[in-house]
Amino acid sequence: MRFLRRLLGTPPSQEPRDFGAFLHRQGAFVAQKTVLDYCRVKIGRNERDFFGNPDFMAALNHCRWQVFLTAQSDVVALAEAWLRPFCPGREALLLEQLVVLHADFMTEEAPPPEEQEAFSASLAALPGHLAGLQLAAPHDARTLPLLAEAPLFATLPIHPDQRKGEAPSIRGALRFHMVSTQQEMERGFDPAGLSARLAAGMNAAT
């Protein structure tokens, strides 16, 4: 892949702002894809009826927001683990810059009023979550503990009686999208250059 990038003249990015946009986009993708794909499979031919039902849509939107907020944190945690080996001794600075970068993109658009509390809580909890993960060796996308898993199961707008025995496939879909995110991250960014810029305390807007 590196040879192809050189050949095509598209080297992987070292730009923190590009990385922040990528992480934000992927967090949204993981949440949307996991929730909507599952619901569409369960609803089947009744999609028009369900998606036209205000109660179902309210529950679906709540689920999407809850999973979106935690998937965003999971994607940042994945990024931290990927970059950490490239900045030994500067892990705290890396953590700080990733948190700032994350907050910059998350606060560009206000959440619905009913999701504001969860939104604020997710931003407040991220530094501690990353610090806890830094106490152990970095995880990759296959083994990273996923915060999004609990709200996904708690808020899916499909009754638990209708998804018996399906937990492994739901969990597997979420994990698959995280693995895809890591693959895209590895293809699009230079971890050595990017981690150096982040851990040096560069402003995310530069």
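In what follows, the structure referred to is the one given above.
Reference entry: report on the structure contained in this document. (Residues numbered from 1 in each chain as written. Predicted model: local features only at pLDDT ≥ 70, side-chain atom pairs only at ≥ 80, totals over all residues. Heavy atoms only, no water.)

**Points about the overall build of the protein chain**
The number of helices and strands found in the protein chain is 9 helices and 0 strands. Along the chain direction, N to C, the helices and strands of the protein chain fall in the order α-α-α-α-α-α-α-α-α. Its C-alpha atoms give the protein chain principal-axis dimensions of about 50 × 40 × 30 Å. A sequence separation of at least 24 residues applies to 84% of the contacts in the protein chain between residues at least 6 apart. With an accessible surface of roughly 10600 Å², the protein chain has 57% of that area assigned to carbon and sulfur atoms. Put simply, the protein chain has 20 plus and 23 minus side-chain charges, and the middle of one group is 8 Å from the middle of the other. (Helix = DSSP H or I, 4+ residues; strand = E, 2+ residues; numbered from the N terminus. Contact = heavy atoms within 4.5 Å. Areas by Shrake-Rupley, 256 points an atom, 1.4 Å probe, with all protein chains shown as cover. Lys, Arg positive; Asp, Glu negative; His and termini not counted. Charge placed at Lys NZ, Arg CZ, Asp CG, Glu CD.)

**Side note on the pattern of salt bridges**
Pairing of side chains with opposite charge becomes possible as their charged atoms draw close. Overall, the coordinates contain 9 salt bridges when judged by the stated rule. In this structure, E149 engages R171 in a salt bridge whose closest nitrogen and oxygen atoms are separated by 2.9 Å. One end of the pair, E149, is in helix α7 (residues 149-155); the other, R171, is in helix α8 (residues 167-188), and 22 residues separate them in sequence. Salt bridges linked by common partners bring R17, D104 and E108 together as one network. (Salt bridge = Lys/Arg side-chain N within 4 Å of Asp/Glu carboxyl O.)

**With respect to the packing of aromatic side chains**
This structure, assessed with the given rule, holds 5 aromatic pairs. Judged by centre distance (6.4 Å) and plane angle (20°), the ring pair of F19 and F22 falls under stacked. Of the two residues, F19 and F22 both sit in helix α2 (residues 16-43), 3 residues apart, roughly one turn of that helix. Residue F19 is classed as buried on the basis of its relative accessible area, which comes to 0%. Centroid distance F19 to F189: 4.9 Å. Interplanar angle 75°. Geometry classified as edge-to-face. With F19 in helix α2 and F189 in the loop between α8 and α9 (191-199), the pair connects residues that are 170 residues apart, well separated along the chain. Accessibility classification places F19 together with F189 in one group, the buried group. Feature note: the residues F19, F22, W82 and F189 constitute an aromatic cluster, connected by ring pairs. Over the ring of F105 we find R17; its NZ or CZ atom is 4.2 Å from the centre of that ring. (Phe/Tyr/Trp six-rings, centres within 6.5 Å; stacked < 30°, edge-to-face > 60°. Buried < 20%, exposed > 50% of the residue type's maximum accessible area, 1.4 Å probe, protein only. Lys NZ or Arg CZ within 6 Å of the ring centre and 35° of its normal.)

**With respect to the side chain of D74**
Here D74 lies in helix α4 (residues 54-83). In this structure D74 is buried but unpaired, with R175 as the nearest side chain of opposite charge at 7.9 Å. Those residues within four positions of D74 in sequence are excluded, and the remaining contacts are L144, P145, L146, L147, A148 and M178.

**Examining the state of the cysteines**
Within this structure, the stated rule accounts for 0 disulfides. Free cysteine: C63, not disulfide-bonded; nearest cysteine sulfur from C39 at 6.3 Å. Residue classification places C63 among the buried positions, given a relative accessible area of 0%. (Disulfide = S-S within 2.5 Å.)

**Some words on the nonpolar core**
In this structure, F19, V35, L130, L156, M178, M185 and L198 are the most contacted members of the largest nonpolar core, which totals 52 residues. Where this core is concerned, the elements lending two or more residues are α2, α4, α5 (91-106), α6 (116-133), α7, α8 and α9. Considering every element that reaches this core, the biggest residue donor is α4, with 14 residues. Those residues within four positions of L130 in sequence are excluded, and the remaining contacts are V76, A77, E80, L95 and V99. (Core = buried A, V, L, I, M, F, W, Y, C linked by side-chain atoms within 4.5 Å.)

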